[in-house]
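Examination of the molecular architecture
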Amino acid sequence: MTRPPPGRSVPYILAACTAVSILSTDLITPSIPDLPEAFDTSITAAQLTVSINLAAYALAQLVHGPVADAIGRRRLLLGAFIAFALSSVACALAPGMSWLLGGRFMQGLFSSVPSVVIVLMIRELYGPGRALAVMAIYGAALGMAPAIGPLIGGYLHVWFGWQAGFWFVAILALLVAAAFWRQVPESLLETRRLHLRRTLAAYGVLLSTPRFLRPALGVSLIFAALYAYVTTAPVVFIELLGLPTERYGMTNLAVVSAFIVGNVVASRLGRRMSPARVLRFGAAMALTATALLAVPLALGELQVAAILLPAALYGGSLA
């Protein structure tokens, strides 16, 4: 069995799938300070709109791979994007915070499909040389979406209200799904039967392996701190420091830009140092950034630059 060769537009459609799925995570952040008034709830509940989305996004990835092997890449991704669009509409129409949180959870479940399936499709559709070029396009989408998401979300919030971001990603999801359906071929030549017990056993072995758990725990804690910042920063910058909502996205752009620069630095260091030394260097940067952020907090002198500079350094360390 052979597959049709992918067209020229396929790499960009695959990148767009990834970008739209990531946009849904960060687009809502500028609206967080206004959600308590809109739903007569607490700021903690409003911040859960990001946390519960990220939790679903992470956990769902455990099942997407086996399901994609069983039913095919195209079928899973198309179904996920339609469900993702419907979940986004449900969020926009939410009559209360519980409904919104449920919608955000469902968004996370379905928006995480591209993070697993797109990488598989790139490997299967292209040879090693061409796959590297396609991965570069994919990486650009992966880096830019978190940077522009809050920027777009801030202006949509100011112009049309907190619901606008959800309508925006719902429309984008349907447009990308249509392009994917028309242009992207199935990459899996032969489906495999879903063995749930075997899959669970494999995860059990992985989670009982210290050689895997130790670095995984370290990376998880570093990213946990990042997402703690993501959920808290809108309240600090907009509510406490009075930054206009539409300008909040610029603070996130600074952190993501630092991450991109960090990638360049890490790649160059990797030519001179062992991977372990590069990782230790990144961990030292993260600890330094945390200490620098603690100083203005301890002194009670919060300013945009005093928060943003350590946050950008932390973003660079993630690379």
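What counts, and at which threshold
Residues numbered from 1 in each chain as written. Predicted model: local features only at pLDDT ≥ 70, side-chain atom pairs only at ≥ 80, totals over all residues. Heavy atoms only, no water. Axes fitted to C-alpha atoms, helices over the stretch in contact; angles between N-to-C directions. Helix = DSSP H or I, 4+ residues; strand = E, 2+ residues; numbered from the N terminus. Parallel < 35°, antiparallel > 145°, perpendicular 65-115°, else oblique. Left-handed = near helix turned anticlockwise from the far one by under 90°. Contact = heavy atoms within 4.5 Å. Nonpolar A, V, L, I, M, F, W, Y, C, P; charged D, E, K, R; others polar. Core = buried A, V, L, I, M, F, W, Y, C linked by side-chain atoms within 4.5 Å. Buried < 20%, exposed > 50% of the residue type's maximum accessible area, 1.4 Å probe, protein only. Expected span 1.5 Å × (residues − 1). Disulfide = S-S within 2.5 Å.

1. Here's the deal with the packing of helix α4 (residues 73–92) against helix α6 (residues 113–125)
Two numbers describe how α4 lies on α6: the axes approach to 10 Å, and their chain directions differ by 150°. Regarding the angle of α4 to α6, the classification is roughly antiparallel. Both α4 and α6 take part in a crossing whose hand is left-handed. Where α4 approaches α6, its residues Arg73, Leu76, Leu77, Ala80 and Phe81 are matched on the opposing element by Val113, Pro114, Val117, Ile118, Leu120, Met121 and Glu124. Here the residues of the contact of α4 with α6 sort into 10 nonpolar, no polar and two charged.

2. Some details on the environment of Ala294
If you trace the backbone, Ala294 turns up in helix α12 (residues 275–299). Distance from Ala294 to Ala306, taken between C-alpha atoms, is 9.9 Å for residues 12 residues apart in sequence.

3. A word on the nonpolar core
Counting residues in hydrophobic clusters, the biggest one holds 31 residues, and the most contacted among them are Leu14, Cys17, Leu77, Phe81, Ile122 and Phe180. Elements represented by at least two residues in this core include exactly α1 (10–26), α4, α6, α7 (128–160) and α8 (164–183). Considering every element that reaches this core, the biggest residue donor is α4, with seven residues. With near-sequence residues (within four places) excluded, Ile122 lies in contact with Leu14, Ala131, Val134, Met135 and Tyr138.

4. Points about helix α11 (residues 248–272)
For α11, which comprises 25 residues, the first-to-last C-alpha distance of 38 Å matches the rise-based estimate of 36 Å (1.5 Å per residue) to within 8%. All of the buried residues along α11 are Tyr248, Gly249, Thr251, Asn252, Val255, Val256, Ala258, Gly262, Ala266 and Leu269.

5. Digging into helix α5 (residues 97–111)
An ideal rise of 1.5 Å per residue puts 21 Å on 15 residues; α5 measures up with 20 Å between its terminal C-alpha atoms. In this structure, the buried residues of α5 make contact with α1, α2 (35–39), α3 (43–71), α4, α6 and α8.

6. Some details on the state of the cysteines
Inspection of every chain in the model, using the stated rule, returns zero disulfides. The cysteine Cys17 is free of any disulfide, with Cys91 supplying the nearest cysteine sulfur at 20 Å.

7. Focus: the side chain of Ser88
Within the secondary structure, Ser88 sits in helix α4. Residues within four places of Ser88 in sequence aside, it is in contact with Gln107, Phe166, Val169 and Ala170.

It is worth stressing that arrangement in space is one thing and function is another; only the former is reported here.
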